[in-house]
Structures are given as structure tokens and as C-alpha cells.
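Examining the three-dimensional arrangement
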Amino acid sequence: MEINLFSKCIKDLIVENDRVDVPYLGSFTAEMMPASYSDRQTTIHPPYRKMTFHKGNVSLSEGRLLLDKVRRETGVSLEQAGVELGWCLSRLCSELEGRKRCKLPGLGEMRANARNEFFFVPDDNLDIWPDGLGFEPISIKVAEKTPDPGETEEQVVVQAGAREPSADFVVSESPALRGPETQNRAEEARPTEIPKRPEEARHTHRKKKRLRPWLIAVIIVAALLVLLIAAAYLFTDQMSWMLDPLLYSKEELELLGR
């Protein structure tokens, strides 16, 4: 049994199981890891399954899951699958004790320290979580805009987010906290008003007072005319003594017998 087939069996099983026991070697385990920030908190990494290895004494019965997988992949009996797996693990341990590392294609690398304690280093792109397919890190770092040659220094500062205090804010500050340049800018930004002379103000006030009585008189006259017209239309006979002299001459009134 080649190391490639051993790695394939481990990977297929760890995708569907949280633990895969390897007889006479140890156990591969997988656990869910939550989403996390990068060291500088500029990237959010999505959740993933982390794969680790723990060396230990595992019996054949505890490694039955792996043995069944090897049997299906090789097409041999269960006993022969155990023999094949034993030969593969023997070569794996020999390489770890000699070279201190052994590549597991598609998974990562088995390593050994000075005390021959085995541990597992997964590949950077190891994917053992089908539900997390398509998850990508999210960058939250704001990209800085490269200033154009035609832009002034003041425009670049404003676009980069380092805005200067507005005129309203500068005016509300304490004078002791303001520098000479800040005070000058505040005075320039403050809207200027042209005060009216006292004579012009009094003239405008008097003009308004003179206009008010005329407006009232016009409104009263218009109201009386409307009332008079309405009364003449509604009470024609009663109002003839007042309307006839206005509508007819003296001769016409004599002809009408009025």
C-alpha cells in the first residue's frame, strides 16, 4: 500500500468524521474553528475545520473504520487490508524517525521532534469542510487613494479623510485652543453682514407704518363695494331709490314715473 492511498483514505474519512484512528500510530482529529481576525485586525478569516494528529496506542478494533476504507479501496479482504496498512505505517514511522518528516499528499506533512514525538502540519489550502466551500477571507483595510498630479495638497488631504475642522466647529472652540492660522480661517469663513445705518432702518420702519393704514382702507372699501353689489342684486326693489339716480338721468326717471 502506497502513501498516496493512505493519505486519500485518511482525507475521505476525516471529511465525514471528527476522528480517524490509525492502528499502532495514533488518531487524526478535526474540530470546527470560528471566524477570527488577523493579527493586525485587517482581515476576517472564515470558520474552518482544523485537522490535528495525536500519537497513541490504537488497537486494530479501534481502527476498524480505516481498515474498512482500505479494504474497499484495494479490493482485498479485511485481514489482507490490515497487512497492507501495517506495511505502509512501518515505512512511515521509519521515515519519520530518520528524516523527521514524511509528506502526506493532499493532506500535509507528518513530522517528528528530537524525542520522536509525531505531529501533523496541514497544507495551507487543506479543505476538509464541504459546507465551507466558497468562503473567502474578507479584507477590511481601507485602500488609500494615490493622489493625482493635478490635485492640490488640500484636495488630497480632504479625500484621504483627514478633513480640517469646519468653520462652525472652529468658531465654537475656545480661543485659547486655536492657533493663528485657525483663527484667520474661521474669520474668513464667517459670513459677513453689512449693517444698515440707523437712518435707513428708521426710514424702512416708518415706510411700513405708512403702508399699513392704506392697506386697511383699501380692504374696507373693497368689502363695502362687494356688500353693496350683493345687496343690489338680492334686493332690487328695496334698493331702487339708491340705484335709479345712478343708473338713469332725470328725464329717463320722469318717463319711468320714478
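Residue indices follow the written sequence of each chain, beginning from 1 at its first position. Restriction of local features to residues with pLDDT of at least 70 applies here, the model being predicted, together with a cutoff of 80 or more for giving and counting side-chain atom pairs; totals for whole chains, interfaces and linings are based on all residues. Here the side-chain values reflect all heavy atoms present in the structure, with hydrogen atoms and water set aside.

Turning to the nonpolar core, a few remarks are in order. Only buried residues count toward a nonpolar core, which is a set of Ala, Val, Leu, Ile, Met, Phe, Trp, Tyr and Cys residues joined through side-chain atoms within 4.5 Å. Burial here depends on accessible area, computed with a 1.4 Å probe over protein chains only, as a share of the maximum for the residue type. Under 20% is buried, over 50% is exposed, and the range in between is partly exposed. In this structure, F6, I10, F28 and L66 are the most contacted members of the largest nonpolar core, which totals 31 residues. Looking at this core element by element, the count peaks at 7 residues for helix α3 (residues 78–99). Contact criterion: two residues are considered in contact whenever any of their non-hydrogen atoms come within 4.5 Å of each other. Every residue in contact with F28, bar those within four places of it in the chain, is listed here: I10, I14, D18, R19, V20, V22, M51, T52, F53, L104, M110 and F120. Put simply, DSSP H or I for four residues or longer makes a helix, DSSP E for two residues or longer makes a strand, and each gets a number counted from the N terminus.

Once that is clear, we can look at the sheet that holds strand β4 (residues 43–45). Overall, antiparallel pairing links the 3 strands, which are arranged β3-β4-β9 in an open sheet. Each edge of the sheet is formed by a strand with only one pairing partner; in this case those strands are β3 (36–37) and β9 (138–139). For two strands to be treated as a pair, DSSP must find at least two bridges joining them.

Note on aromatic contacts: the rings of Phe and Tyr and the six-membered ring of Trp form a pair at centre separations within 6.5 Å, being stacked when their planes are under 30 degrees apart, edge-to-face when over 60 apart, and tilted otherwise. Within this structure, the stated rule accounts for 2 aromatic pairs. The interplanar angle of 85 degrees and the centroid separation of 5.7 Å between the aromatic rings of F28 and F120 together place this pair among those described as edge-to-face. Within this pair, whereas F28 is found in strand β2 (residues 26–33), its partner F120 is found in strand β8 (residues 118–122), the two being separated by 92 residues in sequence. Each member of the pair, F28 together with F120, is buried. In this structure an aromatic cluster arises from ring pairing among F28, F53 and F120. Cation placement over rings: the criterion is NZ of Lys or CZ of Arg within 6 Å of the ring centroid and within 35° of the ring normal. The lysine or arginine in question, K55, covers the ring of F118, its NZ or CZ lying 4.2 Å from the ring centre.

Quick look at the sheet that holds strand β6 (residues 101–104) now. Strand order in the open sheet made by the 3 strands is β6-β7-β8, with antiparallel pairing throughout. Strand pairing shows two members of the sheet lacking a second neighbour, β6 and β8, which therefore form its edges. Direction aside, neighbouring strands of the sheet carry axes that sit 20 degrees apart on average. One ladder, built from 4 bridges, connects β6 with strand β7 (residues 108–112); its direction is antiparallel. An axis is simply a line fitted to the C-alpha atoms; with a helix, the fit covers only the stretch in contact. Between two such axes, the angle follows the N-to-C directions and lies from 0 to 180 degrees.

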